[in-house]
Amino acid sequence: MSIFNLEKISSLILNSHNILIVSHYDPDGDALGSSIGLYKALNKLKKNCYVYNRDKIPDYLSFIKCSNLIDCLSKIPNDIDLIIFVDLNDFERAGSEIEKYMLSFKNNIMVIDHHQNPKIDSKNAFIETSCSATAILIFKIIDHMQIDMDKELATNLLTGIITDTSSFKNSNTNSQSLDIASKLLDFGADLSLINSSIYNDKSIKRINLEKKILSNFLFDNNSKTGFSYCTLQDYEETNTTKEDSEGMANYFLHHMEVMIGVFVREIDDKSWKVSLRSNGYIDLSKLANIFGGGGHKNAAGFKYSGEIEDLRKDLNNKIINEK
Ligand code: 5GP
Ligand code: MN
């Protein structure tokens with residue numbers, strides 16, 4: 001689906017002056033690379049831009065810098081004339097502060113995204129689910145508007161592609177993502193900075209957390225699901241944060257028998273954040289939708305309230321039904 005075309009996007013951007021760019025909470029490399037990359041591009045057009053994210057930049061992505069990054073809407077002017085949402089298709093993913101702000105916002109809204117099953121009005125959306133990362137759509141906009149690419153901007157966008165394809169290992173990798181990654185390298189994108197930041201920043205405390213997560217690991221042969229979780233207490237006892245459990249669902253998936261990797265982290269008492277990863281076994285965005293979440297075919301997530309064992313059984317049953 002792509003009702004908003006590049007021409008319409010360009011003219012809306014060119015006709016706007018104060019632009020707020022918003023990406024999803026718990027930001028990953030694509031959310032930050034795309035939103036901050038777009039911010040840098042629009043700055044070159046002399047637009048007055050702000051990037052909002054409810055959460056702070058995780059340490060492993062601290063090389064993505066933005067001078068106008070805010071986590072609180074009171075810091076932005078009243079005269080925003082365009083909000084651009086990136087890497088999300090459900091305003092809930094931006095957080096409740098933005099959802100409230102939207103109730104009284106009367107100007108233009110644009111959504112640039114690559115997730116399945118949008119929960120927003122499609123007339124505002126530039127969505128291409130065939131794109132491996134939102135960063136690819138940002139590249140297309142920059143290219144169409146003939147905005148100068150530079151090393152830092154190219155690095156931001158390549159971070160989005162590397163993150164969402166897991167370094168071209170996921171099945172969402174295609175000739176377009178390889179082609180645009182190659183163009184970004186030609187523009188000077190710093191691949192070794194991205195790789196060292198994303199993959200070599202692990203600490204011993206992460207191993208201590210992984211020990212706990214692996215001791216909770218269960219494989220269900222009927223649903224072919226590798227499942228594990230950690231609690232707030234586990235994070236506290238190992239002096240770690242949610243960043244230290246990034247990638248666990250993918251890690252389970254990398255084992256031969258596992259067709260779906262599930263990692264669950266506690267976010268509050270009996271409230272859980274679920275990450276799902278697969279390689280085409282079933283459509284995970286559909287599975288996550290059943291639980292009120294969303295995502296892509298091979299990477300999706302949702303929030304769950306209740307007992308962890310009920311969640312595990314519920315998931316296994318729904319996976320068996322979907323198969
Ligand atoms: P992750 O497991 O890395 O948090 O998320 C995997 C994918 O699913 C991402 O593309 C993310 O945007 C999407 N996703 C994760 N959690 C949710 C959720 O609660 N709601 C929706 N709509 N999408 C989610
Ligand atoms: Mn993405």
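Because the structure is a prediction, the values reported are computed rather than measured.

With phi around 60°, lysine 224 is a residue other than glycine that occupies positive phi space. Along the chain, the position of lysine 224 falls in the loop between strand E7 (218-220) and strand E8 (225-230). C-beta crowding within 10 Å serves as the criterion here: with 18 such atoms nearby, lysine 224 is assigned to the partly exposed category. Of note in this structure, asparagine 239 is not a glycine but carries a positive phi near 55°. The exposure class of asparagine 239 is exposed, given the 11 C-beta atoms found within 10 Å.

Partitioning the protein into domains gives domain 1 (6-199) and domain 2 (205-322). Distance from the C-alpha centre of domain 1 to the C-alpha centre of domain 2: 26 Å. Between domain 1 and domain 2, the residue contacts involve twelve residues of the former and eleven residues of the latter. Its residues placed into classes, the side of domain 1 that touches domain 2 shows two nonpolar, eight polar and two charged.

Spatial ordering of the open sheet is given by E3-E2-E1-E4-E5-E6, a layout of six strands whose pairing is parallel. Edge positions in the sheet fall to strand E3 (69-70) and strand E6 (125-127), since each has one partner strand and no second. Where strand E4 (residues 82-86) meets strand E5 (residues 108-113), five bridges bridge the pair, whose relative direction is parallel. Each bridged residue has a counterpart across the sheet, and for phenylalanine 85 the counterpart in E5 is valine 111.

Cut-off values and rules
Chains are numbered independently. Their residues run from 1 in the order of the written sequence. Following the order in which they are written, the chains are lettered starting with A and the ligands numbered starting with 1. Thresholds applied to this predicted model are a pLDDT of at least 70 for local features of residues and 80 or more for the giving and counting of side-chain atom pairs; totals over whole chains, interfaces and linings are not thresholded and use all residues. Helix and strand assignments follow DSSP, with helices taken as H or I runs no shorter than four residues and strands as E runs no shorter than two, numbered in order from the N terminus. With C-beta atoms placed from the backbone, a residue counts as buried when 20 or more other C-beta atoms lie within 10 Å of its own, as exposed when 12 or fewer do, and as partly exposed for counts between those limits. Where each domain starts and ends comes from a domain assignment, either automatic or drawn from a database. Any residue pair is listed as a contact if its two C-beta atoms, each placed from the backbone, are within 7 Å. Three residue categories are used. Nonpolar comprises Ala, Val, Leu, Ile, Met, Phe, Trp, Tyr, Cys and Pro, charged comprises Asp, Glu, Lys and Arg, and polar comprises the others, including Gly. Think of it this way: DSSP has to see at least two bridges between two strands before they count as a pair.

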